[in-house]
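The residues making up each chain are set out below.
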Amino acid sequence: MKKSILVLFFILLFSALPLNRAEAYMISFKEEYYKLYHIHYQQYPDDCMENIYWLEKAVKADFCNPQYLDFKVTTEKQWEKYRYLFQMHINLKLIEQHLRLGRTFDKKEIYFYDAPHKDEYLRNLEKCLSFYQAGLYYWQEAKLWCEKANTADFKFLFITEKQAWEDERERISTGKLDYEKILNREIKRVEKNIEQLNQMSEKY
């Protein structure tokens, strides 16, 4: 009896306490949208689409005040180069996500016995082709921002806290990273597969 009264007392006590309403948190800045981008161990098409959505939002959003960054900015030049590197990096991630998404619809090889299913394969390959072609746009954007970060003004300025982005810039400028070559190779192969399927007879 005493136990049940005690339980009832605590229920009444906690129900009388005011509940704090959760405040909505508005995402506004580039850095905040970028934090929503993430890679899954096993990435499905929906995961890629979600990442593309957040990265696109990040591209269009404003930068936060430099005092809120995850590293210390001391000069305007450093702040300027950071912005160029960030835009370059986001566009590279968009290429990666479009490649991942395209590969989920890709059919690497076409065989004679694929004829009965050619309509389905064609639909998938058209999707695949559109994703690879979209990657070319982001590559042009990435190269543009890389060029801005590579001007003489930044010759001796390195943001060591963003070394991975600096490495990407260097690899693009030296030609070691060339997504245009990769994407065009994939596009050419997919177009060849589409042509091969279109020429197929459904006799099998």
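Before going into details, it helps to say that this report is about the structure given with it. Here the structure is a predicted model, which is why all the values come from computation and not from measurement.

Cut-off values and rules
- Note that residues are indexed from 1 along each chain, following the sequence as it is written.
- With the structure being a predicted model, the display of local features is reserved for residues of pLDDT at least 70 and the display and counting of side-chain atom pairs for 80 or more, all residues being used for whole-chain, interface and lining totals.
- To get the side-chain values, take all heavy atoms of the structure and skip hydrogens and water.
- For Phe, Tyr and Trp, rings pair up if their centres lie within 6.5 Å, where Trp contributes its six-membered ring, and each pair is then called stacked (planes under 30 degrees apart), edge-to-face (over 60) or tilted (otherwise).
- Helix and strand definitions here come from DSSP, where helices need a minimum of 4 consecutive H or I residues and strands a minimum of 2 consecutive E residues; each element is numbered from the N-terminal end.
- Exposed residues in this analysis have more than 50% of their type's maximum accessible area, buried residues have under 20%, and partly exposed residues fall in between, with area computed by a 1.4 Å probe over protein chains only.
- By definition, being over a ring means that NZ of Lys or CZ of Arg is both within 6 Å of the ring centre and within 35 degrees of the ring normal.
- All axes are obtained by fitting lines to C-alpha atoms, using only the stretch in contact for helices, and the reported angles, taken between N-to-C directions, cover 0 to 180 degrees.
- Should an angle fall under 35 degrees it is called roughly parallel, over 145 degrees roughly antiparallel, and 65 to 115 degrees roughly perpendicular, with every other angle called oblique.
- For any helix crossing, the convention is left-handed if the near helix is rotated counterclockwise from the far helix by under a right angle, and right-handed if that rotation is clockwise.
- Amino acids outside the nonpolar list (Ala, Val, Leu, Ile, Met, Phe, Trp, Tyr, Cys, Pro) and the charged list (Asp, Glu, Lys, Arg) are all regarded as polar, and Gly is one of them.
- The rule for a salt bridge is simple: a side-chain nitrogen of Lys or Arg has to be within 4 Å of a carboxyl oxygen of Asp or Glu.
- For the purposes of these results, a polar contact is taken to be a pair of N or O atoms within 3.5 Å, where, inside protein, one atom must be able to donate a hydrogen and its partner to accept one; residues adjacent in sequence count only when each atom of the pair is a side-chain atom.
- Working rule for contacts: check all heavy atoms of both residues, and any pair within 4.5 Å makes them a contact.
- Residue count minus one, scaled by 1.5 Å, sets the expected span of a helix.
- When we speak of the arc, we mean the arc of directions from the helix axis to the C-beta atoms.

Observations concerning the packing of aromatic side chains
- Within this structure, the stated rule accounts for 19 aromatic pairs.
- Geometrically, the ring pair formed by tryptophan 79 and tyrosine 82 is stacked, given 5.7 Å between the ring centres and 15° between the ring planes. Placement of both tryptophan 79 and tyrosine 82 in helix H4 (residues 76-105) is noted, with a separation of 3 residues, approximately one turn of the helix. Both residues of the pair, tryptophan 79 and tyrosine 82, count as buried.
- By way of ring pairs, the aromatic residues Tyr34, Tyr37, Phe63, Phe71, Trp79, Tyr82, Phe86 and Trp165 are connected into one cluster.
- Stacked on the ring of tyrosine 121, the Lys or Arg lysine 107 has its end atom at 4.7 Å from the ring centre.
- When the ring centre of tryptophan 145 is taken as origin, the NZ or CZ atom of lysine 148, which lies over that ring, is 5.7 Å away.

Points about the packing of H4 against helix H5 (residues 118-149)
- Look at H4 against H5: their axes get within 8 Å of each other, and the N-to-C directions meet at 165°. As the angle between them shows, H4 and H5 are arranged roughly antiparallel. The interaxial crossing formed by H4 with H5 has left-handed handedness.
- Of the residues in the contact of H4 with H5, the class split is 20 nonpolar, 6 polar and 5 charged.

Digging into the pattern of salt bridges
- With the rule as written, the count across this model stands at 14 salt bridges.
- Lysine 162 is the salt-bridge partner of aspartate 70, the closest N and O atoms lying 3.0 Å from each other. Here aspartate 70 is found in the loop between helix H3 (45-60) and H4, whereas its partner lysine 162 is found in the loop between H5 and helix H6 (163-174), with 92 residues between them in sequence.
- Residue classification places aspartate 70 among the exposed positions, given a relative accessible area of 63%.
- The class for lysine 162 is buried, based on a relative accessible area of 13%.
- A salt bridge links arginine 189 to aspartate 106; the nearest nitrogen and oxygen atoms lie 2.4 Å apart. Taken together, the residues span a long stretch of sequence, with arginine 189 in helix H7 (residues 179-198) and aspartate 106 in the loop between H4 and H5 at a distance of 83 residues.
- Classification of aspartate 106 as buried rests on a relative accessible area of 15%.

Notes on the side chain of aspartate 106
- Within the structure, aspartate 106 has its side chain in polar contact with the side chain of tyrosine 132 (distance 3.0 Å).
- If near-sequence neighbours (up to four positions away) are discounted, aspartate 106 is found in contact with Leu125, Cys128, Tyr132, Glu186, Arg189 and Val190.

Points about H3
- Between its terminal C-alpha atoms H3 stretches 23 Å, which fits the 22 Å expected from 16 residues at 1.5 Å a residue.
- Along H3, the positions that sit buried rather than exposed are Asp47, Cys48, Asn51, Ile52, Leu55 and Ala58. Viewed end-on, H3 has its buried residues packed into an arc of 135°, placing them on one side of the element. In H3, those exposed residues whose orientation departs by more than 90 degrees from the buried face are Asp46 and Lys60.
- Residues of H3 that are buried sit in contact with helix H2 (30-35) and H4.

Comments concerning the packing of H3 against H4
- For the pair H3 and H4, interaxial distance at closest approach is 9 Å and the crossing angle is 160°. When the interaxial angle is binned, H3 and H4 end up roughly antiparallel. Crossing angle aside, the handedness with which H3 passes H4 is left-handed. Judged by residue contacts, Pro45, Asp47, Cys48, Met49, Asn51, Ile52, Leu55, Glu56, Ala58 and Val59 of H3 engage Gln87, Ile90, Lys93, Leu94, Gln97, His98, Arg100, Leu101 and Thr104 from H4.

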